[in-house]
Structure formats: structure tokens, C-alpha cells
Amino acid sequence: MSETTFFHMDHINKYYQMGDEQAHILKDIALDIKEGEYLSVLGPSGSGKSTLMNIIGCLDTPSSGQYTLHGREIEELSEVELADIRSSEIGFIFQNSQLLPRLTAQKNVELPLIYAGVSPRERKRRAREMLEKVGLQDRMGHYPNQLSGGQQQRVAIARALVGNPSILLADEPTGALDQKTGRQVMALFQNLNDEGRTIVMITHDMNIAAFARRVVHIVDGTLTEGGGTSDA
Amino acid sequence: MLESIRKPFVMIKECILMSLSNIRGNKVRSFLTVLGILIGVAAVIALITTVSGFSGSLSSSFSSMGAGTLMVSVTGSDLKSGMTTEDLAELAQLNEVDGITPTVSLRSRVSRGGSYETNISVSGKNTYYFYQNPQAVSRGRGIHPTDEDSTTYVCLISQDIVESLFYGVDPLGETMYVDGIPFLVIGLLSDNDGEAVASMMNGSPDLVIPYTTALKMNNANVVTGFTVYLADGAESGTVTALLEEKLDAMFSYEEDCYTITTMSSIEDTMNEMLSMVSTLLAGIASIALVVGGIGIMNMMLTTVTERTTEIGLKKALGAIPWQIQAQFLIESFLLSMIGGIMGVAIGLTLSFILCRVMGMSFVISTGAILLGVSFSAAVGIIFGWVPARKASRLNPIDALRAI
């Protein structure tokens, strides 16, 4: 596993204007992630973990502080440049898989490649490859409503992986799943991390967070390093 | 770079496919949305096609009535009550005039053997008339210059006269009496002598005789009505001016001695009226298009709200604002085009039926189709713009919060 730091956050602050009051959501966050790391951000709802995820995922920019991803200063980028980073660097996995109901599993996986402008043939090949990787080779033509919750989440993982992102960003990936399928998804994450994929997982569930190699806690906008490396 | 040119095309193709599947996925709603456009385009197409079919058959009947002719009716002055043969010959000499046909009308009693008919319309014509209207003679011959010059007693008769006076006999070469004067039948008139002008304005004559003979029977020596045939390429306006000049001189510059009527002036007026009516109707119909556009806008705005999550997701997956905007714009464009194309089909069917029922020729007007299609395309883009822009400007975080 390489030890290069490619993700660096320093003095990150985020304020939201809520009517007359200014809410201080993230307070002086500092976070470094090395390539190949498996990190989970554990925190209760309202702790600012979603805001942190949005900033990590380049959906939002910090009010102040420094965020470097693969050597690029995120806070200086335009909306289009941010979209480009999302497309090339980040694979999102959401709580409810968020598949488009009118597209087949394969088409759903192709979606990020469409926006990246990949040719149809190449798109198809990579989508199939990813679906095979998550064990859905016989479900490619199925629509989301023909798939179980666990399968849907695996399609979502394939979609997050298809652009070959440098970081996989998962927001409560097991939130909508039962324990058994949740554990299967966690096993898949483990495999991906074993292959060298960097993963950041945001969760409020201690048991799920424990699957990660490194856990940080976020409470009331403040980040504290949790236990060291814990093995699943 | 080749890549940067290819990328948007790949994107747009996918947008079209996704839009189509969205439209298909909401069939009823999509159909109701495009109904406005459909009705608008169908109405515009049906109106334009029907009116152009109507004006087409109008102008073809006008040209059979004799566009390219001028009709002069002479009231005369105290000194000069009408046109002499020499006057007519002088007018016929004009370069822009191909020829002149005088019309002398009278009503007569015709008889043969024991049968007779009264109040028969007799029309005096010249050789040139038959040269211009060869189809007027169905059998036999028309009037020859010698008939004109020597005021011979020859006639052409209509089918009605044949039936009433010549039952079972070939009338050609037979003799019949017109006001007691024996006339030789030299030809038969066609049922519809083609010069619909004459039939419309004067009623079609039952009997045609040399105009000189007609004048003699009328005890007159001047003609009070004649038709001027324009030479090829002559403008009716120019010829009218020339004729006015000549006629003014002939009538010693007295006022109101004659009237010149052009067919094309009547046709122009009617076409002008028709096109005004059709513009007005199309204007009213295009209100339906605007209403349809508002319907599309409404549906697209609803769609944007409904698909907020989808938009947020796509943004998270790396879609840039113009890609989102393009998708919604393409969707409203396609919706509108589907309505437009259905409207064209329905409009054409409707106008085909209308034309058939009204006995007019059905002509597909490409202009109308292009108008309908481009109008609906424009409606799709104009009314889709605001919703698409709204979608593209959604903040991905707010959009994802709906998850």
C-alpha cells in the first residue's frame, strides 16, 4: 500500500446563513487521508458529517481553510471544474442507492461515463466489467425495481467505481439494508480496499464504522481521531 | 481536439434516449401535455392547407374564366354610342393585344319544322373567339372571316337546341329559323364552352352567330361589349392604360363612356381577402400553440421539481450545468416536436377530408408543414428554456438533500 497523502484538509470551516444567525457547521477541521486508506467518519445526525462529505465530494466548497485533492486546490475551482473532479476523482454511494428507475442496471452504471463523454462501446464494456465485479453479471438488463435492496446497492457501488475514481465516498451505504445484506456490502468494501481503493464512509452506526481501518468522530462540527486501526 | 468535439454529441444522443424513455414512462401525462401543441399545429395546418386548396381552385377557375383578358363594356356618349368594327380593328392592332372578341347579345325565337323555342339567347362572336376557344366547338366549324365580312346567316347551336329542334337528325348542314331568317347550322357548341367568364357573366348562349350578322339583326352598327385578349407577357395594367388612352380618344375624352374590368384584378382582390382571412385564422389557431407551450412549460417545471434528486445525483456523478440544461431542453423540445408531428398528421388528414367534402383540390403545402414543425420546435425550446435553466442551476447539495 502506498503511503502518499493525496487528500489533505486543513482549518476547514463551514458557515451557513440561517436567517439572521450564522451557523458554524464545521469547526477547524483537519484531515489527511493517504492513498489506499479506509476511513469512516462516525457521528450523530446534525454533527456536520453530511456537510463534510459534501466538501470531500466537491459538491460544496468550504467557507475557509484549505482542501487539496490530488494536488488541486478545491476552494478555487469553478462549478464546471468541480463537476470535472467529481466525474474523475470521486465515486459516490448514497444511502438509498439512488438508481434511475427508468434505466437498466447497466445503463445506471454507465451514467457517470456519459457525462465524462466516454464512447458508447467503451462505456458498455466498463459497465459490464464493474457489474461482474460486484457479482451482478446476470442482472445487467434488470431495472432497479426488479432488483433487491442489496443488489441495488451493489449496482450503485458499480456505478461509483466505473469512472475509476481515486476515492470512494459512501454516505450511510448500509442505511437502507438489513443486517445480512449490509454485511455483504461491507465485505465488498473490504475487498475493494484490499485492492487498494481509498474509501471514505460516513455513518452514524458504530458497528458499521468498525469495518473501516480508521475511524474519526465528528461531534458538533469538530473532528476527533477515534481508535487507531481496527480490523473487521 | 477531436475528443472535445465528439463528447457533446455522445452526451446529446444519450439525452435524447433518456428523454424518450422519460416521455414513454409518462405516456398519459406526456400526451395531455402535447395536446395543446397538437391541436394548435393541426388547426394551423388544416387552415392553411384548406385555404390554399380553396384559393388554388379559385385561381384555376379564374384562369379558365380567362385571366389574361380584359372585359370592356361601353355605355358610349351622345355622339358615339359604341364601337365600330374599325374601332375594334384599331384596338386589335396594339402590340400588347393579341385579339379582340366583340360580344353582341340578343334574344330570339328559333324554329324548325313544327318545333320552336322562344327567348333564346343569341350571341354574336367573331373568328378570333373560336381561335381563342377552340374547345367551344364540339363538332363542325367555328365562324370564319368570310362569315364576318359577308354577314352570312350561319350559326352554332347548343345541345339544348339540338334536343328541342333536331330530334333524331344530324343538325350539321341543316337549316333552322332565327326570328324568321333561315340560318345554316355549321357547328355544335360544347356543353361547357370553357369560357366560363361568358357563362358566368352572360349565361351561356344557346346560339352563336357572326357578330356582324347579330349587329344587323339588332339594327345596330356599334358594339357595346368586347373582350380583349392580352398578348403573351403583356401586363394587364399596361394594356388597360393603353386601352384607356385609345378609348378616351375615340370617345372624345368624355367621362364615363366605358368600363374596363380585368379578371386578374378580381382574382387579386379575392386572393387578398383569402390570405387576410387565413392569416387571421392562423393567428387565432396559433394562440392554441402558445397555450400548448405554456402547458409544456408547466409540465417541465413540475418535472424539474419531481426529479430534483435525479438532478442532484447526476451532478454528483459529474454532470455539468449545461448537460443538465441540455437534457431538459431536449426533453421539452422532443415533447413539443412529437405534438407538432402528430398535429401535422392530424391537420393534413383533416384538411384532406375538408377538401374532399368541399370538392376542392387537396395540395400538401410544404410551407404549412414546415411552419407547423418549426413553430412547435420553437415552442419547445422557448418554453423549455426556463425549466431547463432552473434544473441546471439547482445546487447539488440542496438537490441531494431531498434523498
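Residues numbered from 1 in each chain as written. Chains lettered and ligands numbered in written order. Predicted model: local features only at pLDDT ≥ 70, side-chain atom pairs only at ≥ 80, totals over all residues. Heavy atoms only, no water.

Caption draft 1: Representation of the overall build of chain B in the model. In terms of regular secondary structure, chain B is built from 14 helices and 11 strands. Burial analysis of chain B (403 residues in total) assigns 49% to the buried set. Put simply, of all contacts in chain B between residues at least 6 apart along the chain, 80% involve residues at least 24 apart. Carbon and sulfur atoms provide 61% of the accessible area of chain B, an area that totals close to 19000 Å². (Helix = DSSP H or I, 4+ residues; strand = E, 2+ residues; numbered from the N terminus. Buried < 20%, exposed > 50% of the residue type's maximum accessible area, 1.4 Å probe, protein only. Contact = heavy atoms within 4.5 Å. Areas by Shrake-Rupley, 256 points an atom, 1.4 Å probe, with all protein chains shown as cover.)

Caption draft 2: View of the sheet that holds strand S5 (residues 72-73) of chain A. Residue and element names in this part refer to chain A. The sheet built from 4 strands is open, its strands ordered S2-S1-S4-S5 with antiparallel pairing. Two strands close off the open sheet at either side, each with one partner strand: strand S2 (21-34) and S5. Across 2 bridges, the pairing between strand S4 (residues 64-69) and S5 is antiparallel. Following the sheet pairing, Leu69 is matched in S5 by Arg72. This element, helix H1 (residues 49-56), spans strand S1 (5-18), S2 and S4 of the sheet and lies at about 125° to S1. (Pairing = 2+ DSSP bridges. Axes fitted to C-alpha atoms, helices over the stretch in contact; angles between N-to-C directions.)

Caption draft 3: Spotlight on the interface of chain A and chain B. Residue-level contacts link 28 residues of chain A with 30 residues of chain B. Buried area between chain A and chain B, both sides added, is near 2600 Å², and the carbon and sulfur share of it is 64%. Interface area lost by chain A to chain B is led by A:Leu59, A:Arg102 and A:Tyr115, which between them contribute 28%. The interface formed by chain A and chain B contains 3 salt bridges. Between A:Glu79 and B:Lys315 there is a salt bridge, and its shortest N-O distance comes to 3.5 Å. Here chain A is connected to chain B by 5 residue pairs in polar contact (both at pLDDT 80 or more). Looking at the side of chain A that touches chain B, the elements that each hand over two or more residues are helix H2 (79-89), helix H3 (105-116) and helix H4 (120-133) of chain A. (Buried area = accessible area lost by both parts, 1.4 Å probe. Salt bridge = Lys/Arg side-chain N within 4 Å of Asp/Glu carboxyl O. Polar contact = N/O pair within 3.5 Å; in protein donor to acceptor, adjacent residues only side chain to side chain.)

Caption draft 4: Region of interest: the sheet that holds strand S11 (residues 258-262) of chain B. All names here are of chain B. One open sheet holds the 4 strands; their spatial order is S2-S10-S1-S11, and the pairing between them is antiparallel. Of all the strands in the sheet, the pair left with one neighbour each is strand S2 (97-102) and S11. Averaged over all pairs of adjacent strands, the angle between their axes in this sheet comes to 20°, without regard to strand direction. In this sheet, strand S10 (residues 225-230) lies alongside S2 in antiparallel orientation, the contact comprising 5 bridges.

Caption draft 5: Summary view of unusual backbone geometry. Residues and elements named next belong to chain B. Notably, Asn219 is not glycine yet its phi reads approximately 55°, a positive angle. Topologically, Asn219 is positioned in the loop between helix H8 (211-217) and S10. Positioned with a positive phi, Ser252 is a non-glycine residue whose angle comes to about 55°. What makes Ser252 partly exposed here is its relative accessible area of 47%.

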